[in-house]
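Examination of the molecular architecture
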Amino acid sequence: MNVWPGPNTETLSINGSYPGPSVVIAKGSTFTANFVNNYTEPATIHWHGLNVPELMDGHPKDSIPPGGNYTYTFPVLNRGGTYFYHSHADMLTAEHVYKGFAGFFIVDDPAEIGLGLPRGNFDIPLCIQDRRSVNIPQFTYNPLMNDIMNGFLGDAPLINGTPDAYFDVSRTLYRFRLLNGSNARIYKIAFSDNRAFHIIATDGGLKDEAVQVTSFFLSPGERTDILVDFSPYTIGNSVILKSLPFTAPGAGTYVQGTEMNLLRFDITDNTGSGGLIPAALPPINYYSISDVKTTRTFTLTMIMGGMNMHRINGLTFEMNRIDWETPQNSLEEWRIINASNMLHPMHSHSEQFQVYSRNGSTILPPEDKGWKDTVLINPFETVRLLVKFNNYKGIFLFHCHNLEHEDDGMMLNFKIVDPVGVNSQSENAPEEFRLHQNYPNPFNPSTKITFDIPKSGNVTLKIYNASGNEISTLVNEYKPAGYYVLEFNGRDLPSGVYYAKLKAETFSESIKMLMIK
Ligand code: C2O
Ligand code: CU
Ligand code: CU
């Protein structure tokens, strides 16, 4: 690829192109792509923000080996909006994306035509990435300790793969779909003359109102669509889309918050887009905090030095460990507590969520409000979000979208499971009593034990050691019919064999578990 004038850049290209070709597809249609991996490393394609079946999600467990191929196909269920795709290979995501493995996935909802937003040549996707000028013309990826700590940051912005980018515009209204496709850099998007513009969409498509701003934050993985009116300018004027300086932790040659010119707009003619700033947008049904069935807490930490510095609840990613189960159709609150002096854009796969509060305030900045799949958690902030998974069961990821943090292990697996049965009449209740094998197994020091009870009643679940002595009681109470997940933590116990024994009505069963410390 010819990224900079002069010698070629070696990129990880898709169909010969960097950035990858843009997919534009109508909501409701079926997307199909055959992925042929002609690279020397395993890779997957993850459809970021899209609600797809487990085996279409590009989870690193489903990597396609070098020389292999795989057909991704799924119905496009998402709302109209700006999504993207990128490699999600185990511990190689950051390198693959840095080398070019990413592209737009735009869902067009024909129902939006009536809103009068700018379309066609006046609806422009802009992918913002940063690279290191010291390595021009190569996308050299050689992170050192400081880069793994803070993320691999560059000083040379590329817009849709173009350095020193400029774009000829008319004196009219445009829609720009901004995607932060950078590994780690956060942008504070604004214009050089501080002109006002409107935010109309977040990660999961249109907001319920166009909100006027002069700047907003865009962290890796996030998308924000804006409307910009160039009619106040005269032909021959220019205005620059830039990233404003801001203060953030970190030190060294490359830091967050560096002021950058991203894209120069040259005003060159008078053609009208016919688009308008909508006075109203279709409403969004906001989840209600009072409907929350389960609250989960995720604490983000950083321990200096070595591997796996960045963690969620003290855990580092394990491909085959499932960190929690979330029942379908059940509203959850995820409370993300950033206990580190770092910026973490947290991203969930499968369905879009809604931010409920940031640091206790439910009055949210416009880039937070609406449907989201990635949310920036600033140092020592707490963000609460509301999420529900309706469509697909299976194993999905929750991780930091600072890709160096992700590859360092700041990622967990969760499993979307059958809905919780409320009573024995419910069609969602299990059919029989069952105590499932714990996972992970072997474990250290904690493991999950799941059981199903088809009828409400008294249930006990006790843990015994190898010599049959009772160690602890996890459950001893009346339980409604349903699927249950419990955690057994053997922190203070020695390695060895343990048994879990479930008793409900006349049913009783044991499983054997192994703790290896
Ligand atoms: Cu764009 Cu799992 O990420
Ligand atoms: Cu994703
Ligand atoms: Cu992070």
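Residues numbered from 1 in each chain as written. Chains lettered and ligands numbered in written order. Predicted model: local features only at pLDDT ≥ 70, side-chain atom pairs only at ≥ 80, totals over all residues. Heavy atoms only, no water.

Helix and strand counts for the chain stand at three helices and 35 strands. For a compact globule of 517 residues, the expected C-alpha radius of gyration is about 24 Å, and the chain comes in at 25 Å, within 12% of that figure. Across its three principal directions, the C-alpha atoms of the chain cover 85 × 45 × 45 Å. Counting every position in the chain, which comprises 517 residues, the buried fraction comes to 55%. Sequence separation of 24 or more characterises 75% of the internal contacts of the chain that already satisfy a separation of 6 or more. Treating the 39 positive side-chain charges of the chain as one cloud and the 52 negative ones as another, the clouds have centres 5 Å apart. (Helix = DSSP H or I, 4+ residues; strand = E, 2+ residues; numbered from the N terminus. Rg over C-alpha atoms; globule rule 2.2 N^0.38 Å. Buried < 20%, exposed > 50% of the residue type's maximum accessible area, 1.4 Å probe, protein only. Contact = heavy atoms within 4.5 Å. Lys, Arg positive; Asp, Glu negative; His and termini not counted. Charge placed at Lys NZ, Arg CZ, Asp CG, Glu CD.)

Attention now goes to the coordination of the copper ion (ligand 3). For a metal bound by four donors in tetrahedral geometry, the ideal donor-metal-donor angle is 109.5 degrees, whereas six donors in octahedral geometry ideally sit at 90 or 180 degrees. Protein coordination at the copper ion (ligand 3) comes from H344 (ND1), C400 (SG) and H405 (ND1), with a distance range of 2.0 to 2.1 Å. If you list the donors of the copper ion (ligand 3) from N- to C-terminus, the spacing comes out as H-x55-C-x4-H. Remark: H405 occurs in helix α3 (residues 403-407) and H344 occurs in strand β23 (residues 344-348); sequence separation between them is 61 residues. Judged by relative accessible area, which is 0%, H405 ranks as buried. (Donors = N, O, S within 2.8 Å, 3.2 Å for Na, K, Ca; no water.)

Now for the coordination of the copper ion (ligand 2). Protein coordination of the copper ion (ligand 2) is provided by H46 (NE2) and H347 (NE2), with donor distances spanning 1.8 to 1.9 Å. Of this pair, H46 sits in strand β3 (residues 45-48) while H347 sits in strand β23, and the two are 301 residues apart along the sequence. Take H46: its relative accessible area is 1%, and that puts it in the buried class. A residue is classified by how much of its surface remains accessible, and H347, at 0% relative accessible area, is buried.

Another aspect to go through is the state of the cysteines. Inspection of every chain in the model, using the stated rule, returns zero disulfides. Of all cysteine sulfurs, the one in C400 lies closest to C127, which takes part in no disulfide; the gap is 18 Å. The class of C127 is buried, set by a relative accessible area of 7%. (Disulfide = S-S within 2.5 Å.)

A few words now on the pattern of salt bridges. Where side chains of opposite charge bring their charged atoms close, a pairing between them can arise. Inspection of the entire model under this criterion finds 23 salt bridges. Between K61 and E54 there is a salt bridge, with its nearest N and O atoms 2.8 Å apart. Sharing partners across several salt bridges, the network here consists of D203, E222, R223, K372 and D373. (Salt bridge = Lys/Arg side-chain N within 4 Å of Asp/Glu carboxyl O.)

So, on to the domain arrangement of the chain. In terms of domain boundaries, the chain breaks down into domain 1 (1-108), domain 2 (112-282), domain 3 (289-417) and domain 4 (434-516). Here the C-alpha centroids of domain 1 and domain 4 sit 41 Å apart. (Domains from an automatic or database assignment.)

What follows concerns the nonpolar core. When a protein is soluble and globular, its nonpolar side chains tend to lie buried together. Of all hydrophobic cores here, the largest spans 30 residues; its most connected members are F176, L178, I189, I226, F230, L262 and F265. Ranked by residues supplied to this core, first place goes to strand β18 (residues 260-269) with five residues. Other than its neighbours up to four places away in sequence, F265 contacts F167, V169, F176, F191, F230, N237, S238, V239 and L241. (Core = buried A, V, L, I, M, F, W, Y, C linked by side-chain atoms within 4.5 Å.)

Strand order in the open sheet made by the five strands is β10-β18-β17-β12-β15, with mixed pairing throughout. In this open sheet, the two strands that pair with only one neighbour each are β10 (165-170) and β15 (215-218). Each adjacent strand pair in this sheet contributes to an overall mean axis angle of 25°, direction not counted. The sheet contact formed by β10 and β18 spans six bridges and is parallel. (Pairing = 2+ DSSP bridges. Axes fitted to C-alpha atoms, helices over the stretch in contact; angles between N-to-C directions.)

Bringing the pairing of strand β24 (residues 354-358) into the picture now. Counting buried positions over the five residues of β24 gives four, a clear majority of the element. Pairing analysis gives four bridges linking β24 to strand β26 (residues 382-387), with the strands arranged antiparallel. Its bridge partner lying in β26, S357 is registered against R384.

Now for the environment of D418. By the secondary structure assignment, D418 is in the loop between β28 (411-417) and β29 (434-435). C-alpha of D418 to C-alpha of S273: the two residues are 145 residues apart in sequence and 48 Å apart in space. Excluding residues that lie within four positions of it along the chain, D418 makes contacts with P327, Q328, K393 and Y483. Polar side-chain contacts of D418 include one of 2.5 Å to the side chain of K393. (Polar contact = N/O pair within 3.5 Å; in protein donor to acceptor, adjacent residues only side chain to side chain.)

Of note, the amide linkage connecting N441 to P442 takes the cis form, showing an omega dihedral of -5°. With an omega of -10°, the peptide bond between N444 and P445 qualifies as cis. Inspection of the secondary structure puts P445 in the loop between β29 and β30 (446-453). Even without glycine at this site, D164 takes up a positive phi of about 45°. Within the secondary structure, D164 is located in the loop between β9 (162-163) and β10.

Here T326 is to be found in strand β21 (residues 324-327). Only 2.8 Å separates the side chain of T326 from the side chain of W324, close enough to count as a polar contact. Excluding residues that lie within four positions of it along the chain, T326 makes contacts with R296, E332, W334, F389, F414, K415, I416 and V417.

Within a beta sheet, neighbouring strands are joined by backbone hydrogen bonds and run either parallel or antiparallel to one another. Read across the sheet, five strands follow the order β20-β19-β22-β26-β24 without closing on themselves; strand pairing throughout is mixed. Among the strands making up the open sheet, the edge pair consists of β20 (310-312) and β24. Recorded for the sheet is a direction-independent mean angle of 20° between the axes of neighbouring strands. Judged from the six bridges that link them, strand β22 (residues 332-338) and β26 form a sheet pairing that is antiparallel. The partner of E332 across the bridge, within β26, is V387.

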